[in-house]
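As a plain string of letters, each chain reads:
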Amino acid sequence: MNKPSANPVSPRPAFVAEAEAEFDAFLRAETALAFFDAVIPDLCGTPRGKRFPIAEAPRLFAHGMPIPHSTYLLDVRGDMTDALGRGVSDGDPDATAWPLPGTLSHVWAKGPRRAQMLMTVRDKKGASDPGEPRAALDRVLKRFAEIGLVPVAALELEFYLIDPERGEHRAPQPPLCPRSASRENAVSVFGLDDLDRYEGFFTSLSEAARRQRVPLSAASNEYGPGQLEANLKHQQDARLAADHAILLRQIVKEAARANGFEATFMAKPYLDRVGNGLHIHLSILDRDGRNIFAGSDETGSESLRHAIGGMQALMPESMALFAPSQNSYRRLQPGMFAPVNRSWGVNNRSVGMRIPAAPDESRRFEHRAAGADANPYLALAAVLAGAHHGLLKKLDPGAPAKGNVSMEPDPALPFTIDEALAKLARAEVLPTYLGEETLTLYRETKRIETERLRRIIPPTEYDWYL
């Protein structure tokens, strides 16, 4: 694997002209901006980057932004991992990041008004950085374009509103009800009264979504106290669908803070409650705009079943992307509305891949394996890789499951982060889609992060063994 060049200078990519025109028009319409954020989502899915006074922002379109290659390889806390010797060991060289067209928006937050734009790192030949997760998704999408297909994707994210004040051992606590000031402790699935009680939060979230061009379609109360789900609209550019998920996490946290709460996308914040999932809805259009998953009955077409067969085949080697931390595997428990096997079914939430009840022209699947802590770009890329693989190989997924199958763990799936990283290291198909170097950098980043977590002695270990 080639290490990054010590010379960060790269020629301006052609797409920057479009981004610059968007920015110029934006500035003419918005004269009160004070700052501009240049944003790079890292391998953990965390937005990172730099903030510039608005007068300095035009330089980004002319000369790019210098930023270390290692920015992509930070652990979930933001600490350098030095994965594959990139960071400390190689002198932490800079790369050049450029603005991406179609990603410019306001930022909904307290303080001076600002805008933001996603950035992409390119080398002197115009190639993307191997650590860039959005580029990995782009590589998978190009495989679909080669056979004349267009994936249409939408992501759903579950999260908990929590009290800013922590409980024993810094554990999260459900929020205090805005009406009664009592601690939330009941489950009220799809309860409209629960949504009314948090009207301030939802008003803020709706305004933030409008300002930041995040196409929020619906919100609902979920299976835990303070747990909510936000749905995003389907996109024919799957990269935008993942962009929207990154931005949704940003605005949910900001809207929560504005109303006296915090929000967490941790996969399993409460051991005895359901976890937070990232559900991926996907259909595929052919060259004529027809949904290739539409069929004669509720199970959809043969192409839909082949896509599910491919996702089943790739799920074991993809789990490290769907469940990226030690905590993620606490979510994958029987009977907790999180898949523990590779089953599929129609209108059945106990399976890993669900075909929702919908008109035939809207036939799609919902992939339910990923946790809300997963990187949306990588999780979506892995799902798409599985679907593409199944379509090419015409893989049979078997019969659809009936009834509750959430009590039957699949021995082929890993249920610890160590097992998942080991399966990713032995993966044969996934690297041909996302890129071997990208997955190696991801695996090393997560391995180092996990080792660091294990060097911390938790309070319960003292309680048990001291």
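Our subject in this report is the structure included herewith. (Residues numbered from 1 in each chain as written. Predicted model: local features only at pLDDT ≥ 70, side-chain atom pairs only at ≥ 80, totals over all residues. Heavy atoms only, no water.)

Focus: the overall build of the protein
Line of reasoning, step 1. Along its length, the protein carries 13 helices and 14 strands.
Line of reasoning, step 2. In terms of C-alpha radius of gyration, the protein reaches 22 Å, essentially the compact-globule figure of 23 Å for 466 residues.
Line of reasoning, step 3. Residues classed as buried in the protein amount to 56% of the 466 residues present.
Line of reasoning, step 4. Looking at the protein alone, contacts between residues at least 24 apart form 73% of all its contacts between residues at least 6 apart.
Line of reasoning, step 5. Each charge class in the protein was averaged separately, 56 positive and 60 negative side chains, and the resulting centres sit 2 Å apart. (Helix = DSSP H or I, 4+ residues; strand = E, 2+ residues; numbered from the N terminus. Rg over C-alpha atoms; globule rule 2.2 N^0.38 Å. Buried < 20%, exposed > 50% of the residue type's maximum accessible area, 1.4 Å probe, protein only. Contact = heavy atoms within 4.5 Å. Lys, Arg positive; Asp, Glu negative; His and termini not counted. Charge placed at Lys NZ, Arg CZ, Asp CG, Glu CD.)

Observations regarding the side chain of Arg443
Line of reasoning, step 1. Structurally, Arg443 can be placed in helix H12 (residues 436-454).
Line of reasoning, step 2. As a buried residue without a salt bridge, Arg443 has its nearest oppositely charged side chain in Glu444, at a separation of 5.1 Å.
Line of reasoning, step 3. If we ignore the near neighbours within four places in the chain, the residues touching Arg443 are Leu421, Leu424 and Ala425. (Salt bridge = Lys/Arg side-chain N within 4 Å of Asp/Glu carboxyl O.)

What about the environment of Phe202?
Line of reasoning, step 1. Tracing the chain through its elements places Phe202 in helix H5 (residues 199-211).
Line of reasoning, step 2. Placed 57 residues apart in sequence, Phe202 and Asn259 show a C-alpha to C-alpha distance of 9.6 Å.

Thoughts on the pairing of strand S6 (residues 114-122)
Line of reasoning, step 1. For S6, the tally of buried residues reaches eight of nine residues, placing the bulk of the element in the interior.
Line of reasoning, step 2. Note: strand S1 (residues 35-41) against S6, five bridges, orientation parallel. Bridging across to S6, Ala38 finds its partner in Met117.
Line of reasoning, step 3. Direction of pairing for strand S4 (residues 94-99) relative to S6: antiparallel, over a ladder of four bridges. Paired with Ala97 across the bridge in S6 is Val121.
Line of reasoning, step 4. The pairing of strand S5 (residues 105-107) with S6 spans three bridges and is classified as antiparallel. Paired with Val107 across the two strands is Arg114, which belongs to S6. (Pairing = 2+ DSSP bridges.)

Points about the pattern of salt bridges
Line of reasoning, step 1. Counted under the stated rule, the structure contains 29 salt bridges.
Line of reasoning, step 2. With its nearest N and O atoms 3.7 Å apart, the salt bridge here joins Lys142 to Asp138. Residue Lys142 and its partner Asp138 are located together in helix H3 (residues 133-146), separated by four residues, close to a single helical turn.
Line of reasoning, step 3. Several salt bridges share partner residues, and in doing so they unite Asp75, Arg77, Asp79 and Arg452 into one network.

Let's talk about a nonpolar patch on the surface
Line of reasoning, step 1. Among the surface-exposed residues, Ile457, Tyr462 and Leu466 lie close enough to one another that they form a single nonpolar patch of about 370 Å² accessible area.
Line of reasoning, step 2. By secondary structure assignment, the location of Tyr462 is in helix H13 (residues 459-465).
Line of reasoning, step 3. Taking the relative accessible area as the measure of exposure, Tyr462 reaches 43% and is therefore partly exposed. (Patch = residues over 30% accessible without salt bridge, like charges linked within 9 Å, V, L, I, M, F, W, Y side chains within 5 Å. Areas by Shrake-Rupley, 256 points an atom, 1.4 Å probe, with all protein chains shown as cover.)

As for helix H7 (residues 302-322)
Line of reasoning, step 1. For H7, which comprises 21 residues, the first-to-last C-alpha distance of 26 Å sits more than 12% below the rise-based estimate of 30 Å (1.5 Å per residue).
Line of reasoning, step 2. By the largest-angle criterion, Pro316 marks the main kink of H7, which is about 70°.
Line of reasoning, step 3. Burial within H7 is extensive, with 17 of its 21 residues counted as buried.
Line of reasoning, step 4. Two or three places before Ser303, at the start of H7, stands the capping residue Ser301, its side-chain oxygen 3.3 Å from that residue's backbone nitrogen. (Expected span 1.5 Å × (residues − 1). Bend = angle between axes of the 7 residues up to and from the residue. Polar contact = N/O pair within 3.5 Å; in protein donor to acceptor, adjacent residues only side chain to side chain.)

On their own, these measurements won't tell you what the molecule is for.
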